[in-house]
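Examination of the molecular architecture
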Amino acid sequence: MPTIETTLPSATELTGRSIIGFSRGKSGGAAFRAFDPQTGKTAEPEFTSASLDEVDQAVELAVAAAPEWAKAPGKIRAEFLRAIAAGLEKIADAIIDRAQLETGLPQGRFKSELARTCGQMRLFAEVVEEGSWVAARIDRAEPKRAPQPKPDIRSMIIPLGPVVVFGASNFPLAFSVGGGDTVSAWASGNPVIVKAHPAHPGTGELVGRVVADTVRSLRLPEGLFSLLFDSGVAVGQALVKHPDVKAVGFTGSLAGGRALMDLAASRPEPIPVFAEMGSTNPVFVLPGALKERGGQIAAGLYGSITLGGGQFCTKPGIVFLPQSDASQDLARDVEKRVSEAAPFTLLTSGIHKAFVRGLDERKKSAANLRVTAGNGSSKVDGYRVNPAVIQTDVATFLSELELSEELFGPATLLVSHSNKSQALEAAAKLKGHLTATVHGTEQDFAEYADLISLLQTKVGRLVFNGYPTGVEVSHAMVHGGPYPATSDGRSTSVGTQAILRFARPVCFQDCPDVLLPQELKDANPLHIWRMVDGEMTRDSTTRPV
């Protein structure tokens, strides 16, 4: 093992080295810096990529911490999450300033994102403190049942073990070091190793300092958290392949998520990868709504398309419109807004290149496409681009499959159709998405009920008369969807149901009460809701004689 420095800096001091339990990574690895997307210039300090030996050490610490954390009461886990939230709020200004520098996004965005990050920590704290999330079930024995006695059977959900989380480029707080994947993994009883995103390592280190300090101040197991830096893919690959890692959380591109899925599946012991990937989030504007409020819908669509520079995973990337004078008015409205807009800053050089390349391909396509881009200078500084709207008809959309692929950034595709049958045909051709949105009147919804039923099979969240870029962190929220939107459409990465991803059920048959987890003991010492013989109750149980 390499020598790891144990002197820890203050919470707002950036060192550029990985956090491995209570220690700092060794300097001397491959170096990299963050970039200011506004200018494309590098930002200080220099960050050091973790070595493979440091990967091993982080996993070994996590393995050592796993049994203790799995048994930690809900109150302890809740205290941990609430303490992190309070710690982040104490250095909010430093976090927001650094996040602004590394992303080019406005201060108001990060005030909101930090509030969301802390809010979801406190929400999960409530869930684990209450405790019923473990889905405790008890089927009491029937020793006198004929012809065979029935055994005493009890089950609950338990953690998987060390989880690796990859930070997301477009959410440096809410989907990264202290984001939803990390928090839900901690809440379900798993240690977490975060692979920081190289686009915002300073933001990641600030959050990581708070987490590491919280682990130590609460005297929790050291391996509960590590944060590893790397400008490339070596560290991430090593983590996913490590035999002691039990699950992966990822938010990013389809190519990146697919690579991790394949890598995890090729292991001698395959592990689950919960990846949120590409989604174009189709919007269907129905005839009645278009006629009644087309101008209002155009304004809302433009705002949703360009929010955060079009870099939200729920950005509406395809809009289906019935052919009419009203749809032409809506298209002209969106075109006007696009043509008058200032350039938007994209997060990374990779995102910038992909957007420019994708838009150029559509401009040069022989297909029946009309592309309108903003009037800002084509030679903008840093990673800025002009927004765009692309228009075509449903026949072209159905024949050119690449048009349904995500164009990550401030652009959308307007698709006109002649009738309901064509709208249904287009919907049937859609792959899996995170969201689908339908704008309609009461009459529209009655007439297009079959469209609504079809869209339920394609997405994780259906939005009515709204816009998909608002994702509320709540108990009922589903932020998932069929492949390729996610690797597993049965899960969500937002909302308290996310806790179920990093856990599995285990059953105890005829187990003595003294050996059972607290959640399954006869006396129900935690006073949680349990299903006993098919009925929900908080009462204690007795065993038949």
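What you see is a predicted model; the values in this text were computed from it and never measured.

What to know about the overall build of the protein
Of regular secondary structure, the protein possesses 15 helices and 23 strands. The C-alpha atoms of the protein give a radius of gyration of 25 Å, which matches the 24 Å a tight globule of 545 residues would have. In the protein, which comprises 545 residues, the share counted as buried stands at 57%. Counted over contacts in the protein with a minimum sequence separation of 6, partners at least 24 positions apart contribute 74%. A total accessible area of about 22400 Å² is found for the protein, and carbon and sulfur atoms account for 52% of it. Positive and negative side-chain charges of the protein, numbering 55 and 59 respectively, have mean locations separated by a distance of 1 Å.

Focus: the pattern of salt bridges
Scanning all chains against the criterion turns up 24 salt bridges. Between Glu142 and Lys150 there is a salt bridge, and its shortest N-O distance comes to 3.8 Å. Here Asp488 and Arg490 are joined by a salt bridge, their closest N and O atoms 2.9 Å apart. Overall, the relative accessible area of 17% leaves Asp488 in the buried class. Via salt bridges that share partners, Asp152, Arg154, Asp513, Asp522 and Arg543 belong to a single interconnected network.

Thoughts on the nonpolar core
In this structure, Phe80, Leu81, Leu88, Trp186, Phe225 and Phe397 are the most contacted members of the largest nonpolar core, which totals 97 residues. If one sorts the elements of this core by residue count, helix α4 (residues 107-130) sits on top with 8 residues. Beyond its immediate stretch of four places on either side in the chain, Leu88 contacts Ile95, Leu114, Thr117, Cys118, Met121, Val207 and Val210. Ranked by size, the runner-up nonpolar core spans 26 residues in total, among them Ala62, Ala238, Val240 and Met261.

Let's talk about the environment of Pro201
For Pro201, the position within the fold is in helix α6 (residues 201-217). Leaving out residues up to four positions away in the same chain, Pro201 has contacts with Phe32, Ala34, Phe47, Glu102 and Phe229.

Quick look at the side chain of Ser279
Along the chain, Ser279 falls in the loop between β11 (273-276) and β12 (283-285). At 2.8 Å, the side chain of Ser279 and the side chain of Asn281 are in polar contact. Beyond its immediate stretch of four places on either side in the chain, Ser279 contacts Cys313, Glu406, His433, Leu434 and Thr435.

Calculation criteria
Residues numbered from 1 in each chain as written. Predicted model: local features only at pLDDT ≥ 70, side-chain atom pairs only at ≥ 80, totals over all residues. Heavy atoms only, no water. Helix = DSSP H or I, 4+ residues; strand = E, 2+ residues; numbered from the N terminus. Rg over C-alpha atoms; globule rule 2.2 N^0.38 Å. Buried < 20%, exposed > 50% of the residue type's maximum accessible area, 1.4 Å probe, protein only. Contact = heavy atoms within 4.5 Å. Areas by Shrake-Rupley, 256 points an atom, 1.4 Å probe, with all protein chains shown as cover. Lys, Arg positive; Asp, Glu negative; His and termini not counted. Charge placed at Lys NZ, Arg CZ, Asp CG, Glu CD. Salt bridge = Lys/Arg side-chain N within 4 Å of Asp/Glu carboxyl O. Core = buried A, V, L, I, M, F, W, Y, C linked by side-chain atoms within 4.5 Å. Polar contact = N/O pair within 3.5 Å; in protein donor to acceptor, adjacent residues only side chain to side chain.

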